[in-house]
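What follows is each chain in one-letter form.
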Amino acid sequence: MSLALIEDMFNEPEWSEESALPATDSELLILSEKLLEFEIPTKVFFQAIAIAAYDCASAFRYADNYLTTLKNKNKHTALLMLEYASNFENN
């Protein structure tokens, strides 16, 4: 009976999820290169590295989310500059 109970515990979905794995040296290098393509605060860089020490996948998600936000912010700023320039020319 106890063997059946143990098997049922390990067959539950929560046990089958991937566990967090720290980043390897090559993964840290890839993460660093990805982040250093853009001008980012050092705080963001070190936060990504700290996350990678515990969970590589989460560190890449963090970097992707930050870079996506940064790209969208830059697009919005460029559009505002174009709008202001066109209003200036109309005067």
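Preceding this paragraph is the structure being described.
Here the residue index of a chain counts from 1 through its sequence in written order. Restriction of local features to residues with pLDDT of at least 70 applies here, the model being predicted, together with a cutoff of 80 or more for giving and counting side-chain atom pairs; totals for whole chains, interfaces and linings are based on all residues. Calculated side-chain values reflect all of the structure's heavy atoms, with hydrogen atoms and water omitted.

Considerations on the overall build of the chain
This is how it is decided: Every helix listed is a DSSP run of H or I at least four residues long, and every strand listed is a run of E at least two residues long, numbered separately from the N terminus. Summary of the burial criterion: residues with accessible area below 20% of their type's maximum are buried, those above 50% are exposed, and those between are partly exposed, where the area comes from a 1.4 Å probe applied to protein chains only. Whether two residues touch is decided by their heavy atoms; if any such pair falls within 4.5 Å, the residues are in contact.
What the chain contains, in helices and strands, is 5 helices and 0 strands. Starting at the N terminus, the α and β elements of the chain follow one another as α-α-α-α-α. Of all 91 residues assigned to the chain, the portion counted as buried reaches 16%. For the chain, the proportion of contacts with a sequence separation of at least 24, taken over those separated by at least 6, is 62%.

A short note on the pattern of salt bridges
Under the convention used in this document: Basic side-chain nitrogens of Lys or Arg form a salt bridge, by our definition, when they fall within 4 Å of a carboxyl oxygen of Asp or Glu.
This model, assessed by the stated rule, comprises 1 salt bridge. A salt bridge links Lys-34 to Asp-64, with the shortest nitrogen-to-oxygen separation between them at 2.3 Å. Remark: Asp-64 occurs in helix H5 (residues 56-90) and Lys-34 occurs in helix H3 (residues 25-36); sequence separation between them is 30 residues. Lys-34 gets classed as partly exposed once you look at its relative accessible area, which sits at 25%.

Focus: the packing of aromatic side chains
Short version of the rule: Ring pairs shown here join Phe, Tyr and Trp side chains whose ring centres sit within 6.5 Å, with only the six-membered ring taken for Trp; geometry is labelled stacked below 30 degrees between planes, edge-to-face above 60, and tilted in between.
In total, this model carries 1 aromatic pair according to the counting rule given. On the basis of an interplanar angle of 65° and a centroid distance of 5.6 Å, the ring pair of Phe-45 and Phe-46 is categorised as edge-to-face. By relative accessible area, which is 56% here, Phe-46 ends up exposed.

Observations regarding the nonpolar core
Test applied: Joining through side-chain atoms within 4.5 Å is the link that ties buried Ala, Val, Leu, Ile, Met, Phe, Trp, Tyr and Cys residues into a set, and such a set is a nonpolar core.
In terms of nonpolar packing, the biggest core is built from 13 residues, with Leu-31, Leu-35, Ile-40 and Ala-52 touching the most fellow members. Elements supplying a minimum of two residues to this core: H3, helix H4 (42-52) and H5. Tallying contributions element by element places H5 first for this core, with 5 residues. Setting aside residues up to four positions removed in sequence, Ala-52 forms contacts with Pro-22, Ala-23, Leu-28, Leu-31 and Ala-59.

Regarding the side chain of Asp-55
This is how it is decided: Positive charge is attributed to Lys and Arg, negative charge to Asp and Glu, and no charge count is given to His or to the chain ends. Polar contact is defined as a pair of N or O atoms within 3.5 Å, subject to the rule that within protein one atom must be able to donate a hydrogen and the other to accept it, and that residues adjacent in sequence are counted only when both atoms are side-chain atoms.
In this fold, Asp-55 is placed in the loop between H4 and H5. In this structure Asp-55 is buried but unpaired, with Arg-61 as the nearest side chain of opposite charge at 4.4 Å. Within the structure, the side chain of Asp-55 is placed 2.5 Å from the side chain of Ser-58, a separation counted as a polar contact. Other than its neighbours up to four places away in sequence, Asp-55 contacts Ala-20, Leu-21, Pro-22 and Arg-61.

Regarding the environment of Tyr-62
Within the fold, Tyr-62 resides in helix H5. Its relative accessible area of 27% is what places Tyr-62 among the partly exposed residues. Not counting the four nearest positions on each side in its chain, Tyr-62 is found in contact with Val-44, Gln-47, Ala-48 and Ile-51.

Details of the environment of Arg-61
One can find Arg-61 in helix H5. Separated by 13 residues in the primary sequence, Arg-61 and Ala-48 place their C-alpha atoms 9.3 Å from one another. For Arg-61, the side chain forms a polar contact with the side chain of Ser-58, separated by 2.9 Å.

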